[in-house]
Amino acid sequence: MSQLFTPITLGKLTLENRITIAPMCQYSADAGKATAWHRIHLGNLALSGAGLLIIEAAAVEAAGRITPQDLGLWNDETEQALGDVLKDVRHYSPMPVGIQLAHAGRKASTDVPWRGGGFLKPEQGGWQTSAPSALPYNDEDGTPEALTKARIEEIKQSFVDSALRADRLGLDLVEVHAAHGYLLHQFLSPLSNQREDEYGGSLENRMRLTLEIFREVRRVFPADKPVGVRISATDWVDGGWDLQQSIELSKALAAEGCAYIHVSSGGLSPEQQISVGPNYQVPFAEAIKEVVDIPVIAVGLITEPEQAEALLTNKQSDMVALARGMLYDPRWPWHAAAKLGAKVHAPEQYWRCEPHEVKGLFNQ
């Protein structure tokens, strides 16, 4: 039997297979509100047969958006708009749906990627950014304001409020975004965090905000729904955040009741040196899996069914996540099931497309 198509439990949520659709920013929201694009995009992915769909990073406050077009979950309007989209998606798909909650910190106030992604000044529709320390991501960016204790408390409360909204929307899972150079990662890395208070300096201090926010989200999100964390296992820069520190963070999160660790890398510094290739981030997931007793999700240039299957059979990860690969092939789980001799869920409207050579592919 294919390991990729065996069930797995995250906390108390059971998934029918081990394929996760990773959060992917679409930069297509209207003042944080989900739009018709999200209805089309999420509806398409929800028919893919994956075990779990995690909605793109949703900003917990307007200033926490990467771009002015980012999805948000910070007020009644953003909650209502996403709820309208989810109502339609759920009508046709039983797939569990989660959401990633995020704050971009110093990487906020940028243009959309297809227009270059450059920093936006206030007169260009941007805003003042904030960060652990007044250090910009690069020389072209505006200088962020160092967060005061009061602002840190406000952001912590914003994560709590967004988690409550996620529960009201009936979402099955929350993923706290502490990766890719965004705010929580900025606190974790000594390259971006030069604070001299209890949030800076030692590893314990730099981990403090991530653990506090996880703890508060876990406190308010229902106990029967999982809360996981996405991390960057390394900055790929000497003297920055690295695998050993990620291992310590993962152990601390597991002790707090974290349901899973989703292991990515990079994004904090333009000086990163990444050797990109198939499975290039898998060794980080494998190392973390060896020291925690909660599921670990591997992501990053996992494109072939046999490749994903091998990661599980070799016990390098417990699940795989696809992002760009799923955009390129939204029926990837169908094709993987066909190759690996497994079954997959598909909407009844599509049952008659089952290829002759793989009869019995769809669970009916």
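Conventions we followed
- Residues numbered from 1 in each chain as written.
- Predicted model: local features only at pLDDT ≥ 70, side-chain atom pairs only at ≥ 80, totals over all residues.
- Heavy atoms only, no water.
- Helix = DSSP H or I, 4+ residues; strand = E, 2+ residues; numbered from the N terminus.
- Expected span 1.5 Å × (residues − 1).
- Buried < 20%, exposed > 50% of the residue type's maximum accessible area, 1.4 Å probe, protein only.
- Polar contact = N/O pair within 3.5 Å; in protein donor to acceptor, adjacent residues only side chain to side chain.
- Core = buried A, V, L, I, M, F, W, Y, C linked by side-chain atoms within 4.5 Å.
- Contact = heavy atoms within 4.5 Å.
- Axes fitted to C-alpha atoms, helices over the stretch in contact; angles between N-to-C directions.
- Left-handed = near helix turned anticlockwise from the far one by under 90°.
- Nonpolar A, V, L, I, M, F, W, Y, C, P; charged D, E, K, R; others polar.
- Salt bridge = Lys/Arg side-chain N within 4 Å of Asp/Glu carboxyl O.
- Phe/Tyr/Trp six-rings, centres within 6.5 Å; stacked < 30°, edge-to-face > 60°.
- Lys NZ or Arg CZ within 6 Å of the ring centre and 35° of its normal.

Visitor: I'd like a rundown of helix H2 (residues 76-92), residues and numbers included.
Guide: If you check H2, its first and last C-alpha atoms are 25 Å apart, about what 17 residues at 1.5 Å a residue would give, namely 24 Å. Those residues of H2 that fall on the buried side of the exposure criterion are Thr78, Glu79, Ala81, Leu82, Gly83, Val85, Leu86 and Val89. Its side-chain oxygen at 3.3 Å from the backbone nitrogen of Glu77, Asn75 defines the N-terminal cap of H2.

Visitor: Report on the nonpolar core, specifying residues and quantitative values.
Guide: Formed by 104 residues in total, the largest nonpolar core has its most connected members in Leu4, Ile55, Ile99, Leu101, Phe159, Val174 and Val176. Ranked by residue count, the leading element in this core is helix H5 (residues 203-220), at 7 residues. Discounting residues that sit within four places of it in the chain, Ile55 has contacts with Pro23, Leu42, Leu71, Leu82, Leu86, Val97, Gly98, Ile99, Gln100 and Leu171. Core analysis: the next-biggest nonpolar cluster, separate from the first, contains 7 residues, Tyr27, Ile66, Ala108 and Trp127 among them.

Visitor: I'd like a description of the packing of helix H1 (residues 36-46) against H2, backed by residues and values.
Guide: Helices that pack against each other are described as a pair by the angle of their axes relative to one another and the distance between those axes. At a closest axis distance of 9 Å, the pairing of H1 and H2 adopts a crossing angle of 35°. Crossing of H1 against H2: the hand is right-handed. Two secondary-structure elements touch here, H1 through His38, Arg39, Leu42, Gly43 and Ala46 and H2 through Asp84, Val85, Asp88 and Val89. Here the contact of H1 with H2 is composed, by residue class, of 4 nonpolar, 2 polar and 3 charged.

Visitor: Go over the pattern of salt bridges with me, naming the residues and quoting the values.
Guide: Applying the stated rule across the entire model yields 17 salt bridges. Lys156 serves as the salt-bridge partner of Glu212, at 3.0 Å between the closest nitrogen and oxygen. With Glu212 in helix H5 and Lys156 in helix H3 (residues 149-168), the pair connects residues that are 56 residues apart, well separated along the chain. For Glu248, the salt bridge is made with Lys251, and the minimal N-O distance between the two is 3.4 Å. Placement of both Glu248 and Lys251 in helix H6 (residues 243-255) is noted, with a separation of 3 residues, approximately one turn of the helix. Given the relative accessible area of 36%, Lys251 is considered partly exposed. Because the salt bridges share partners, they merge into one network encompassing Asp76, Glu79, Arg165 and Arg168.

Visitor: Could you give an account of the side chain of Thr67, naming the residues involved and the relevant values?
Guide: Its place among the elements puts Thr67 in the loop between strand S4 (52-59) and H2. When its relative accessible area of 0% is taken as the criterion, Thr67 is described as buried. At 2.7 Å, the side chain of Thr67 and the side chain of Asp70 are in polar contact. Beyond its immediate chain neighbours, meaning those up to four positions away, Thr67 contacts Tyr27, Thr110, Asp111, Val112 and Trp127.

Visitor: Break down the packing of aromatic side chains for me, citing the residues and quoting the values.
Guide: Counting across every chain of the model gives 5 aromatic pairs. With centroids separated by 6.1 Å and ring planes inclined at 75°, the aromatic side chains of Tyr27 and Trp114 adopt a geometry described as edge-to-face. Taken as a pair, Tyr27 in the loop between strand S3 (19-21) and H1 and Trp114 in the loop between strand S5 (97-102) and strand S6 (130-131) lie far apart in primary sequence, 87 residues in all. With a relative accessible area of 57%, Trp114 lands in the exposed category. Between Phe187 and Tyr199, the aromatic rings sit 6.1 Å apart at their centres with planes inclined by 75°, giving edge-to-face as the arrangement. With Phe187 in helix H4 (residues 183-188) and Tyr199 in the loop between H4 and H5, the pair connects residues that are 12 residues apart, well separated along the chain. No difference in accessibility class separates Phe187 from Tyr199, as the two residues are buried. Members of the aromatic cluster, joined through ring pairs, are Trp334, Tyr350 and Phe362. Sitting over the face of the ring of Trp127, Arg65 holds its NZ or CZ atom 4.8 Å from the ring centroid. Directly above the aromatic system of Tyr182 lies the positively charged group of Lys107, at a separation of 4.8 Å from the ring centroid.

Visitor: So what about the side chain of Arg195? Which residues, and what values?
Guide: Following the sequence through the fold, Arg195 ends up in the loop between H4 and H5. Contacts of Arg195, omitting those with residues within four sequence positions, involve Pro132, Ser133, Leu147, Ile152, Phe187, Gly200 and Gly201.

Visitor: Describe H6, with residues and values.
Guide: The first and last C-alpha atoms of H6 sit 18 Å apart over 13 residues, in line with the 18 Å expected at 1.5 Å per residue. Residues of H6 that are buried include every one of Gln245, Ser246, Ile247, Leu249, Ser250, Ala252 and Leu253, and no others. On its buried side, H6 packs onto H4, H5, strand S9 (227-232), strand S10 (261-264) and helix H7 (282-289). One or two residues past the end of H6 sits Gly257, with phi positive at roughly 100°.

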